[in-house]
Amino acid sequence: MSKPLEMRAVYTETLLKLGRLDERIVLLEADLMRATGSENFKDEFPHRTFNVGVAEANMVSISAGLSSAGKLPFANTFACFAARRTFDQFFISANYARLNVKLVGSDPGVTAALNGGTHMAFEDMGVMRTIPKLVIFEPSDPISLKKLMHACVDYYGCTYMRLHRGFADVLYDDTDEFELGKGKILRQGQDVALIATGVVMVGEALKAAELLVERGISAAVVDMHTIKPIDRNLVIQLAETCGAIVTCENHQVINGLGSAVAEVLVEEIPTPMARVGVKDLFGEVGTLDYLKERFGLTATVIVEHAERALEKKKIAVKI
């Protein structure tokens, strides 16, 4: 495995490369350029960079205006502000108007860490999932970030990307292909499927799979990078193959990845499942390691939920 790379640096590097190829691309910031790491884009493209100040809703409205004029805006802010402060403008001015705004919410969930509970977006996917036709995705490593950004530019329509700013292990290589709406199987398994999203939980799911091997349990691990539209065919395939599913997300279990997967299962192929995520709680200040333990976002908790799902599977088989 390659050494970890800083995701915000990969984001800016990729945006620069895309910007050199596509003059439509513009960047909007809400006075967080140092935090998001996008200063290099401003240095190279000063006339295509707009810092609107601490006015996130206005930033999205401006993005919609630029999109209506043929530009391709990337609008950056913390995930808490992207979801809670810009929702009406993003819903009406960008999505309802069928425009092409790429909203990026950084520091999702516990990755907000020392910024504390006010900045800890545990609900952003749930808020965004209610917007018709919006594509929502969360890269799990530097390679998937680069590839999904390219896919995002090629796709006409609004998108919301959850972006971990910190360092992330490299899980893929440059030969891997990514498509919005199509999950990636990282590890094959037959007993239970661990469906995870994002840097934090895909990594924990991989650790959990190793722990489950020690208990004689074969676990598939899936990187469900796109939460909307969910990869229904893959969810059904995993249900048929494994017969038990655990979802893993750095988000409320309400209306996030777990809900999206459960909706598919209940409609298509009822299957024992369990959800690992934040259980209807507000965030708090702390280090990333502390917060993962505090909110049950660890490999150990995933193992516990996998065993519960397998017990449900045994009961279902007997019935």
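So, here is what we can say about the structure in this document. (Residues numbered from 1 in each chain as written. Predicted model: local features only at pLDDT ≥ 70, side-chain atom pairs only at ≥ 80, totals over all residues. Heavy atoms only, no water.)

1. A closer look at the layout of surface pockets
Here is step 1: In this structure, the largest pocket encloses a volume near 340 Å³.
Here is step 2: Along its surface, the largest pocket is lined by 16 residues, and D169, V199, V200, G203 and K207 are the ones closest to its centre.
Here is step 3: Sorting the residues of the lining of the largest pocket by element identifies strand 8 (167-168), helix 9 (198-213) and helix 12 (288-294) as the ones contributing at least two each.
Here is step 4: The dominant element in the lining of the largest pocket, judged by the number of residues it contributes, is helix 9, at 6 residues.
Here is step 5: Here the lining of the largest pocket is composed, by residue class, of 9 nonpolar, 3 polar and 4 charged.
Here is step 6: Estimated volume of the second largest pocket: approximately 210 Å³.
Here is step 7: What lines the second largest pocket is a set of 14 residues, among which N95, Y96, R98, P132 and K133 lie closest to the centre.
Here is step 8: Taken together, the residues of the lining of the second largest pocket sort by class into 10 nonpolar, 2 polar and 2 charged. (1 Å grid on protein atoms, 1.4 Å probe; cavity = no way out; pocket = protein on both sides within 12 Å on 5 of 7 lines; lining within 4 Å. Points joined across faces, edges and corners; volume = space filled by probe spheres on them. Helix = DSSP H or I, 4+ residues; strand = E, 2+ residues; numbered from the N terminus. Nonpolar A, V, L, I, M, F, W, Y, C, P; charged D, E, K, R; others polar.)

2. A word on helix 4 (residues 56-68)
Here is step 1: Between the first and last C-alpha of helix 4 there are 19 Å, a value that for 13 residues agrees with the 18 Å anticipated at 1.5 Å per step.
Here is step 2: Phi for G70, located one or two positions after helix 4, is positive at around 100°. (Expected span 1.5 Å × (residues − 1).)

3. Comments concerning unusual backbone geometry
Here is step 1: The omega torsion of the bond from K228 to P229 falls at 0°, within 30 degrees of zero and hence cis.
Here is step 2: The residue P229 is located in the loop between strand 12 (226-228) and helix 10 (232-242) in this model.
Here is step 3: For D31, which is not a glycine, the phi torsion comes out positive at approximately 65°.
Here is step 4: Checked against the element boundaries, D31 lands in the loop between strand 2 (25-29) and helix 2 (33-36).
Here is step 5: You will see that D280, though not glycine, has its phi angle at about 60°, which is positive.
Here is step 6: Tracing the backbone shows D280 in the loop between strand 14 (273-278) and helix 12.

4. Some details on the pairing of strand 7 (residues 159-163)
Here is step 1: Strand 7 sits mainly inside the fold: 5 of its 5 residues count as buried.
Here is step 2: Both strand 5 (residues 102-106) and strand 7 contribute to a ladder of 5 bridges, which runs parallel. Looking at strand 7, one finds that G105 is bridged to R162.
Here is step 3: As paired elements, strand 6 (residues 135-137) and strand 7 share 3 bridges and run parallel to each other. The partner of V135 across the bridge, within strand 7, is T159. (Buried < 20%, exposed > 50% of the residue type's maximum accessible area, 1.4 Å probe, protein only. Pairing = 2+ DSSP bridges.)

5. Focus on the sheet that holds strand 5
Here is step 1: As summarised here, the arrangement of the 7 strands in space is 3-2-4-5-7-6-12, forming an open sheet in which the pairing is mixed. Each edge of the open sheet is held by one strand with a lone partner, namely strand 3 (49-51) and strand 12. Averaged over neighbouring strand pairs, the angle between their axes works out to 20° when direction is ignored. (Axes fitted to C-alpha atoms, helices over the stretch in contact; angles between N-to-C directions.)

6. Things to note about helix 10
Here is step 1: Listed in full, the buried residues belonging to helix 10 are L234, V235, I236, L238, A239 and C242.
Here is step 2: G243 lies just past helix 10 and shows a positive phi near 75°.

7. Points about the nonpolar core
Here is step 1: Membership of the largest hydrophobic core comes to 34 residues, with the highest contact counts inside it found for V192, L194, M201, L212, V246, F295 and I302.
Here is step 2: Those elements that place two or more of their residues in this core are strand 10 (192-196), helix 9, strand 11 (219-223), strand 13 (245-252), strand 14 and helix 13 (299-318).
Here is step 3: Aside from chain neighbours lying at most four places away, what touches M201 is A196, C248, E249, N250, V276, L297 and I302. (Core = buried A, V, L, I, M, F, W, Y, C linked by side-chain atoms within 4.5 Å. Contact = heavy atoms within 4.5 Å.)

8. Overview of the packing of helix 4 against helix 6 (residues 87-96)
Here is step 1: Interhelical geometry of helix 4 versus helix 6 gives an angle of 5° and a closest axis separation of 9 Å. When the axis of helix 4 is compared with that of helix 6, the two are roughly parallel. Every residue of helix 6 that contacts helix 4 at A57, V60, S61 and A64 is listed here: Q89, F90, S93 and A94.
Here is step 2: Tallied by class, the residues present in the contact of helix 4 with helix 6 amount to 5 nonpolar, 3 polar and no charged. (Parallel < 35°, antiparallel > 145°, perpendicular 65-115°, else oblique.)

Everything listed here is a matter of coordinates, which is why it stays silent on function.
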